[in-house]
Number of protein chains: 2
Amino acid sequence: MSDQVLHSISHRRYNPLTGSWLLVSPHRTTRPWLGQQEASSKNELPEYDPKCYLCPGNQRAQGDSNPQYKNIFTFVNDYSALNEEQQDYTPEASKNDIASLLLQAEPATGRCYVITFSPKHDLTLADMATADIVPVIQAWTRIYASHLSPSHKLYAQAAQALAAIPASPDGEVAPPTKGQLRYMQIFENKGAAMGCSNPHPHCQVWTTSAMPDEPRKELAQMAQYRRDHGGRHLLDDYARLEMEKQERVVWQNAGFLVVCPWWAVWPFEVLVIAKRHVRALVDLTDAERVQFAEAVQEVTRRYDNLFETSFPYSSGIHQAPLDCAEEEAETSWFHMHFYPPLLRSATVRKFLVGYELMAEPQRDITPEQAAAKLRNCGGELYRKTPN
Amino acid sequence: MSDQVLHSISHRRYNPLTGSWLLVSPHRTTRPWLGQQEASSKNELPEYDPKCYLCPGNQRAQGDSNPQYKNIFTFVNDYSALNEEQQDYTPEASKNDIASLLLQAEPATGRCYVITFSPKHDLTLADMATADIVPVIQAWTRIYASHLSPSHKLYAQAAQALAAIPASPDGEVAPPTKGQLRYMQIFENKGAAMGCSNPHPHCQVWTTSAMPDEPRKELAQMAQYRRDHGGRHLLDDYARLEMEKQERVVWQNAGFLVVCPWWAVWPFEVLVIAKRHVRALVDLTDAERVQFAEAVQEVTRRYDNLFETSFPYSSGIHQAPLDCAEEEAETSWFHMHFYPPLLRSATVRKFLVGYELMAEPQRDITPEQAAAKLRNCGGELYRKTPN
Ligand SMILES: [Zn+2]
Ligand SMILES: [Zn+2]
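Values in this document were obtained by computation on a predicted structure and should not be read as measured data.

Rules used in this analysis
Residues numbered from 1 in each chain as written. Chains lettered and ligands numbered in written order. Predicted model: local features only at pLDDT ≥ 70, side-chain atom pairs only at ≥ 80, totals over all residues. Heavy atoms only, no water. Helix = DSSP H or I, 4+ residues; strand = E, 2+ residues; numbered from the N terminus. Rg over C-alpha atoms; globule rule 2.2 N^0.38 Å. Buried < 20%, exposed > 50% of the residue type's maximum accessible area, 1.4 Å probe, protein only. Contact = heavy atoms within 4.5 Å. Areas by Shrake-Rupley, 256 points an atom, 1.4 Å probe, with all protein chains shown as cover. Pairing = 2+ DSSP bridges. Buried area = accessible area lost by both parts, 1.4 Å probe. Salt bridge = Lys/Arg side-chain N within 4 Å of Asp/Glu carboxyl O. Polar contact = N/O pair within 3.5 Å; in protein donor to acceptor, adjacent residues only side chain to side chain. Nonpolar A, V, L, I, M, F, W, Y, C, P; charged D, E, K, R; others polar. UniProt positions renumbered as here; feature names shortened; annotations may be inferred. pLDDT = per-residue confidence, 0-100. Phe/Tyr/Trp six-rings, centres within 6.5 Å; stacked < 30°, edge-to-face > 60°. Axes fitted to C-alpha atoms, helices over the stretch in contact; angles between N-to-C directions. Parallel < 35°, antiparallel > 145°, perpendicular 65-115°, else oblique. Left-handed = near helix turned anticlockwise from the far one by under 90°. Donors = N, O, S within 2.8 Å, 3.2 Å for Na, K, Ca; no water.

Caption draft 1: Quick peek at the overall build of chain A. When you go through chain A residue by residue, the secondary structure sums to nine helices and 15 strands. The globule rule puts the C-alpha radius of gyration for 387 residues at 21 Å, and the 21 Å found for chain A is close to it. Taken along its principal axes, the extent of the C-alpha atoms in chain A is 60 × 55 × 45 Å. Taken over 387 residues, chain A has a buried fraction of 62%. For chain A, the share of sequence-separated contacts (at least 6 apart) that also reach a separation of at least 24 residues comes to 73%. Roughly 14200 Å² of accessible area belongs to chain A as shown, and the carbon and sulfur atoms make up 49% of that amount.

Caption draft 2: Region of interest: the environment of B:Cys377. Residues and elements named next belong to chain B. Take Cys-377: it is sitting in the segment after helix 9 (367-375). A residue is classified by how much of its surface remains accessible, and Cys-377, at 10% relative accessible area, is buried. Between the C-alpha atom of Cys-377 and that of Glu-308, which follows or precedes it by 69 residues, the distance is 10.0 Å. When residues no more than four places from it in sequence are discounted, the contact partners of Cys-377 are Arg-302, Asn-305 and Leu-306.

Caption draft 3: Region of the structure containing the pairing of strand 12 (residues 335-339) of chain B. Residue and element names in this part refer to chain B. With five of its five residues buried, strand 12 lies for the most part within the structure. Going residue by residue along strand 12, you find His-335, His-337 and Tyr-339 tucked away on one face and Met-336 and Phe-338 tucked away on the opposite face as well. When strand 10 (residues 270-274) meets strand 12, the two strands line up antiparallel, connected through four bridges. Considered in strand 12, the bridge of Ile-273 is made with His-335. Across five bridges, strand 11 (residues 313-318) lies against strand 12 in antiparallel orientation. Note that in strand 12 the partner of Ile-317 across the bridge is Met-336.

Caption draft 4: Inspection of the interface of chain B and chain A at higher detail. Taken residue by residue, the interface counts 97 residues in chain B and 97 residues in chain A. Taking both sides of the interface into account, the surface hidden between chain B and chain A amounts to around 8100 Å²; carbon and sulfur atoms contribute 62%. Among the residues chain B hides against chain A, the three largest losses belong to B:Leu102, B:Tyr355 and B:Met358. Together they make up 10% of the total. Inspection of the chain B/chain A interface yields two salt bridges. Residue A:Glu106 pairs with B:Arg12 through a salt bridge whose shortest N-O separation is 2.7 Å. Counting across the interface, chain B meets chain A through 32 residue pairs in polar contact (both at pLDDT 80 or more). It is helix 5 (residues 234-245) of chain B that contributes the most residues to the side of chain B that touches chain A, seven residues altogether. Considered class by class, the residues forming the side of chain B that touches chain A number 47 nonpolar, 30 polar and 20 charged. Where strand 1 (residues 11-15) of chain A and strand 4 (residues 105-107) of chain B come together, three bridges link them in antiparallel fashion.

Caption draft 5: Up close: the UniProt feature "domain: Galactose-1-phosphate uridyl transferase C-terminal" (unreviewed entry) in chain A. The positions that UniProt labels "domain: Galactose-1-phosphate uridyl transferase C-terminal" (unreviewed entry) are, in the present scheme, residues 219-377 of chain A. Secondary structure within residues 219-377 of chain A divides into 40% helix and 20% strand; the distance between the first and last C-alpha atoms comes to 33 Å.

Caption draft 6: View of the confidence of the model for chain A. Per-residue pLDDT for chain A has a mean of 91; in total, 94% of the residues score no lower than 70. Model confidence for the complex: the whole-complex pTM is 0.94, and ipTM, which rates the interface, is 0.92.

Caption draft 7: Structural detail: the side chain of B:His202. Mapped onto the elements, B:His202 comes out in strand 7 (residues 202-208). With residues near it in sequence (within four places) discarded, B:His202 still touches B:Leu54, B:Val114, B:Ile115, B:Thr116, B:Phe117, B:Glu188 and B:Cys196.

Caption draft 8: How the structure looks around the packing of aromatic side chains. All names here are of chain A. For the structure on display, the rule yields 34 aromatic pairs over all chains. Considering the side-chain rings of Phe-256 and Phe-334, the 6.3 Å spacing of their centres and the 70° angle between planes classify their relative orientation as edge-to-face. Of this pair, Phe-256 sits in strand 9 (residues 256-259) while Phe-334 sits in the loop between helix 7 (326-331) and strand 12 (335-339), and the two are 78 residues apart along the sequence. Summarising the burial analysis for this pair, Phe-256 and Phe-334 share the class buried.

Caption draft 9: Broad picture of the packing of helix 4 (residues 213-228) of chain A against helix 5 (residues 234-245) of chain A. Residues and elements named next belong to chain A. The N-to-C vectors of helix 4 and helix 5 enclose an angle of 80°; their axes lie 8 Å apart at closest approach. Relative to helix 5, helix 4 is oriented roughly perpendicular. Where helix 4 approaches helix 5, its residues Gln-221, Met-222 and Tyr-225 are matched on the opposing element by Leu-234, Leu-235 and Asp-237. Along the lines of polarity and charge, the residues of the contact of helix 4 with helix 5 split into four nonpolar, one polar and one charged.

Caption draft 10: The packing of helix 2 (residues 130-147) of chain B against helix 6 (residues 286-307) of chain B, seen in detail. Residue and element names in this part refer to chain B. Relative orientation of the contacting elements helix 2 and helix 6 amounts to 115°, with a least axis distance of 8 Å. As summarised for this structure, helix 2 and helix 6 are arranged roughly perpendicular, according to the angle between their axes. The way helix 2 lies across helix 6 gives a crossing that is right-handed. Contacts between helix 2 and helix 6 involve Thr-130, Ile-133, Val-134, Ile-137, Gln-138, Trp-140 and Thr-141 from the first element and Arg-289, Val-290, Phe-292, Ala-293, Glu-294, Val-296 and Gln-297 from the second. A breakdown of the residues in the contact of helix 2 with helix 6 according to their chemical character gives eight nonpolar, four polar and two charged.

Caption draft 11: Region of the structure containing the coordination of the zinc ion (ligand 1). Residue and element names in this part refer to chain A. Bound to the zinc ion (ligand 1) are the protein donor atoms Glu-218 (OE), Glu-218 (OE), His-318 (ND1), His-335 (NE2) and His-337 (NE2), situated 2.0 to 2.3 Å from the metal. Along the chain, the residues donating to the zinc ion (ligand 1) fall in the pattern E-x99-H-x16-H-x1-H. Here His-335 lies in strand 12 and Glu-218 lies in helix 4, a separation of 117 residues in the sequence. Looking at Glu-218, the relative accessible area reads 2%, which means it is buried.

Here is the structure:
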C-alpha cells in the first residue's frame, strides 16, 4: 500500500474522535537516549501489606477500616476531588461582561469511589484470569447502573442489569440520594510512572455534576459524524475499517476489537472498541462481559510481556453519560482507552513535554509498528503469577 | 469578593484561550502523598562537561563538533523530529470516503534547531543576569525574523530587526532555501522531570510546514473573540482585567505582565503577556527585549526560590505564524507559557494521568494561591550562582 511511506517520513495524523492532530516522526526511533530512566519494576510485593490502605482489614487515612473482603470492595474516596455538598457559588455581578467571559467558573459537585479488584496486594489485571476480571466488570456495571438518571434512555437496561448481576458479597455503596450526576469516569492509574501511589490493584470512579472535556469533545465529534453520514457511527465505521486493514489490529474476539488507533499519541496506546452498538456497560450481555474481560486481560498481559515488566498505564472507559437526552445516549459507543508511557524498554519513558505541550503531541514509532509488537507478545504472562 | 468561595469548593474554570475546561479541587491540598518523589536537584555540575554534546568544542552524536563558542550557539538538531526533504506521500486513492476521513494523514516537513544560552554547562536562566538573557532573546528574534515569509505583514519589521540586532559572534544557521515554513515553536524543556536529557542551558526551535494544534486552537479562539468584541484582543482585555484584580499577578514591568492564569492547569503555571499589541518577537523594541528578559529572569528565579531547587518546566512562546494572512498576524498576541510539574516541594510532582487524560485536567491549589506564593519569593536567587 502507498501508506508504507508513512513508516519513514515525518507526517501528521488526524484524530477524528477528538478533532486534534498528532506529529509522527518514525525516522527518529534511532536517536540515543540520555534522559531519565525508570527503574524496571519486579513483582516482589507481599500478598498482604499492613501499610496499604486498600488491603482487607486495614485502616484508611480518615479512620475507616476496610472489611475482611474476599472479592471486590468499593468505598468513597477519602480525598475526593469533588465534594457532594458545598457552599454555593454565584459569580460576582460583574461590572463588565469581559470579566464574566474571561474569568468563567462553575461549581462542580460529585463523588469519587475507589474499587479494589482483589484482596491480594500483589496482583494486577495481567495476573488475573478472565474469570476473575468478570466480577470487576460486573462491579463497574452495577455502579454505573445505580447512578443512572431515571429519565435515561438506558434506565430499563440499568434496572435489568442490577437485577441480573449479583451485588459484590463484600457490600456496595448506595448512590447519592440527591442531585442527579451528569457523568461517570471509570479509570485506572497503574504504576509509579503514572503517579499511582499504591500497587494494590484498584481503579477509581469519579462522578461529576458536569460533563468533562474529553468525553464532551468525543461525543460532539461522534454526533457530527452521525449527522454527516446518515446516522452511521464513527467508531462502528472505524472498527470495520481496521478489521479490513488488519495492520493496526492487536487482538479481537466476537465482541471487541483491540487496535493501536491510527491517531495514537502514546507509543503503545490501545483502543478497545465494542463491535456492536453498545452504548454503556448496561448494554453488555453476560457473554459480552466475559468478552470484555478477555479483552482487558489480553491488553494488560501483552503490555507486561512486551518489555517483561509490570507495564504502567492509565486506562479509562468512555460510554453514555449518566444523565443525557436520548440523542446523546444513542450517539455514545462504548470503548476503553489505554495510555501507557513506556517507549522502548522497561526503563525508557515518554514524556508529554515541550513541543507536545506548546504545539502538538508527537510520537516516534508508528501505531502500525506498535500493533505488530503487541500482536507478537501474546501467550502466557512472562512472570509467574503469585497464588 | 464572592470569588473567595472558590478557594474552598470544587469547581471548574474555563480557558478562553483554548476553549477547554479544568477541574479545581482546593479542598484536596491536605491529602497525604504516597507516590513517586523526585530527587531534589542540587547544582553540582561542572562548568564544562567533556561528555555534553552542547559544551564548546565537543563532538556531537552525528560527528559534527561544536565551535569554541563564547556566547550563544545555534545548530540544526542532529535528530530532528521533522525532515526538510523526504519522499512524497499521496494518500491511497480510497475505495470509500470513510477511509480517507478516518485515516487522515498529511506529510509534514520542517527543521529543528538547538540554541544554547551560554557556553557554561552549569548555568540556567535563573542563574543568568538580565543582561545575559537579552542575547538569548536577540537570537530568538533573529531566527524568527530570518524564517518569516516575504509576503508576511511583519516582513518589514523582520528586515529591520535583522539589520538592528547583531548576529551572534559564534555564527548563525541560514534558513532553508526552499519551501516557506508555516510555524516556528520556540520552547525549552528544563530538568529530568520534563524528560530533558541534558542540563546544559538550551532551548529548541521547531519549524514546521503545518500549523500545530495548540497555537491553531488559540488563534481560532482569539479570532472569534475579536469578531465578537469589535476587534478587541482577548489577551489585551485579559491582561487589563488581571492588572485591575491583582490577585493572580506575580510580577510586572512596563512591557510585560506575569500571571498565574485563571485557567492554569499546572500548579505553578505562569503566563507572560505583552502589555501592548506585540504580534511577534520582531515587534519588540530594544527596551522591550530588555523588559522581556527581565520577565523571563523573574519567572525562572522565583521558580527556583519557591522550593529552593532547580525548578523543572517546559516553556514556550506563542506568536504570529511564519506564513499567514494579514488577519492572522494581526490576531496574534505575543505571550509565553511556563508549565512546571512540581506540586508542593522539590520532590513531589504532579502527573497528568488518569482522570486528566480520560476526562479533564484537575488541580488542587488555586491559581490565586500559587500567585501569592510566587509573589513572595522574589529577591536574590537562593543559591550561589557559579561564576
Ligand atoms: Zn474515548
Ligand atoms: Zn499560547
